[in-house]
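These are the residues of each chain, in order.
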Amino acid sequence: MAEKAGSSSSTSNPLTLIIEDEVEEELLYGAGSGWVQALTSCDHLASLSSDLAHIPPPQTPCSQCQNPKENWVCLCCKDVFCSRFVNKHMLQHYEQSTHCLALSYSDLSVWCFSCDAYLDAQVIQELRPVHEVAYILKFGEAPPFR
Ligand SMILES: [Zn+2]
Ligand SMILES: [Zn+2]
Ligand SMILES: [Zn+2]
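Each value, and the rule that gives it
Residues numbered from 1 in each chain as written. Chains lettered and ligands numbered in written order. Predicted model: local features only at pLDDT ≥ 70, side-chain atom pairs only at ≥ 80, totals over all residues. Helix = DSSP H or I, 4+ residues; strand = E, 2+ residues; numbered from the N terminus. Expected span 1.5 Å × (residues − 1). Buried ≥ 20, exposed ≤ 12 C-beta atoms within 10 Å, placed from the backbone. Arc of directions from axis to C-beta. Contact = placed C-beta atoms within 7 Å. Pairing = 2+ DSSP bridges.

**Q** How would you summarise helix α4 (residues 128–139) if you had to cite specific residues and measurements?
**A** Counted at 1.5 Å a residue, the expected span for α4 with its twelve residues is 16 Å, and the 16 Å between its end C-alpha atoms agrees. Among the residues making up α4, those that are buried are Val130, His131 and Ala134. For α4, the arc enclosing every buried residue in end-on projection is 100 degrees, short of the 170-degree limit, so these residues lie on one face. Exposed and oriented more than 90 degrees from the buried face of α4 are Pro129, Ile136 and Phe139. At its buried positions, α4 is contacted by β4 (101–104) and β5 (110–112). The positive-phi residue at the C-terminal boundary of α4 is Gly140, with phi of around 75 degrees.

The following block contains the structure:
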């Protein structure tokens, strides 16, 4: 398999990914603010688990290597895997299962492997509840909605 965009650099120029179609709206959001742009739609939401009100707690270790924290939870089957900076088990899970939606317990961002992009969990209706659940698990209070 080809190396996925230099495994150690977290910023592999996300702009190149989105400078294609439906981009103009997205640019309005993130332009100039210097943070990674998140998509406000995704074609893969049908694969979300039907019960996202119950997800494993943030301190759940990776189901493969027991890495203790900063893991990802698969939003399709709710298994927990480590990041591409640890042993890449989330990525491996995606490659083996095609479950493409994952939520990071380190910053609560949602990543779609198929879109190869972050998703805006506060804008995308289907993701809002699980983002809120994860936030409450992590911080013990409801997220401040913007
Ligand atoms: Zn997607
Ligand atoms: Zn792992
Ligand atoms: Zn899964």
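**Q** Before we move on, could you go through the sheet that holds β5 and cite the residues and values that matter?
**A** One open sheet holds the six strands; their spatial order is β1-β6-β5-β4-β2-β3, and the pairing between them is mixed. The sheet is open, and its two edges are formed by β1 (38–39) and β3 (80–81), each paired on a single side. Taken together, the three bridges between β5 and strand β6 (residues 117–119) define a ladder with antiparallel strand orientation. Across the sheet, residue Cys112 finds its bridge partner in β6, namely Ala117.

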